[in-house]
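Spelled out from the first residue to the last, the chains are:
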Amino acid sequence: MSTLQFDGHEYDFDVISDEAKRQIASIQFADKEIDRLKAQLAFYQIARDSHIDALRQALTDYGIIPEHLKQ
């Protein structure tokens, strides 16, 4: 017997309605998509930071960024 924990209550999964099961499936899908998008955002944030570092280096090499502004 599998159970569902929700809002502080425990439900027998085998006896909940088909509508409740559809809602659970939708929530699980949304959770997976949120996790996927969070991972994708983290990837793009790292890529963006890398490009910022490369731009800073390119400008420094060209003599544009003053020494005191280098990070």
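The rules we used
Residues numbered from 1 in each chain as written. Predicted model: local features only at pLDDT ≥ 70, side-chain atom pairs only at ≥ 80, totals over all residues. Heavy atoms only, no water. Helix = DSSP H or I, 4+ residues; strand = E, 2+ residues; numbered from the N terminus. Buried < 20%, exposed > 50% of the residue type's maximum accessible area, 1.4 Å probe, protein only. Phe/Tyr/Trp six-rings, centres within 6.5 Å; stacked < 30°, edge-to-face > 60°. Lys NZ or Arg CZ within 6 Å of the ring centre and 35° of its normal. Salt bridge = Lys/Arg side-chain N within 4 Å of Asp/Glu carboxyl O. Pairing = 2+ DSSP bridges.

Along the chain, Ala47 falls in helix 1 (residues 18-61). Residue classification places Ala47 among the partly exposed residues on the basis of a relative accessible area of 24%.

A word on unusual backbone geometry. In the Ramachandran plot, Asp7 falls in the positive-phi region, its phi being about 50 degrees despite a non-glycine side chain. Locating Asp7 in the fold gives a position in the loop between strand 1 (3-6) and strand 2 (9-12). Residue class for Asp7 comes out exposed when judged on its relative accessible area of 63%.

Geometrically, a pair of aromatic rings is defined through the distance of the ring centres and the angle of the planes. Overall, the coordinates contain 1 aromatic pair when judged by the stated rule. Taken together, a centroid distance of 5.3 Å and an interplanar angle of 75 degrees make the contact between Phe43 and Tyr44 edge-to-face. Between Lys21 and the ring centre of Phe13, over which it is positioned, the NZ or CZ distance is 5.2 Å.

Another point: the pattern of salt bridges. Per the stated rule, a full pass over the model turns up 3 salt bridges. We note a salt bridge from Arg36 to Glu33, for which the minimum N-O separation is 2.9 Å. Of this pair, Arg36 and Glu33 both sit in helix 1, 3 residues apart, which is roughly one turn of the helix. The class of Glu33 is partly exposed, set by a relative accessible area of 26%.

What follows deals with the pairing of strand 1. As paired elements, strand 1 and strand 2 share 4 bridges and run antiparallel to each other. Bridge pairing links Gln5 to Glu10 in strand 2. The loop that links strand 1 with its antiparallel partner strand 2 comprises 2 residues; one of these, Asp7, has a positive phi angle of about 50 degrees.

Shape is all these values report; function is a separate question.
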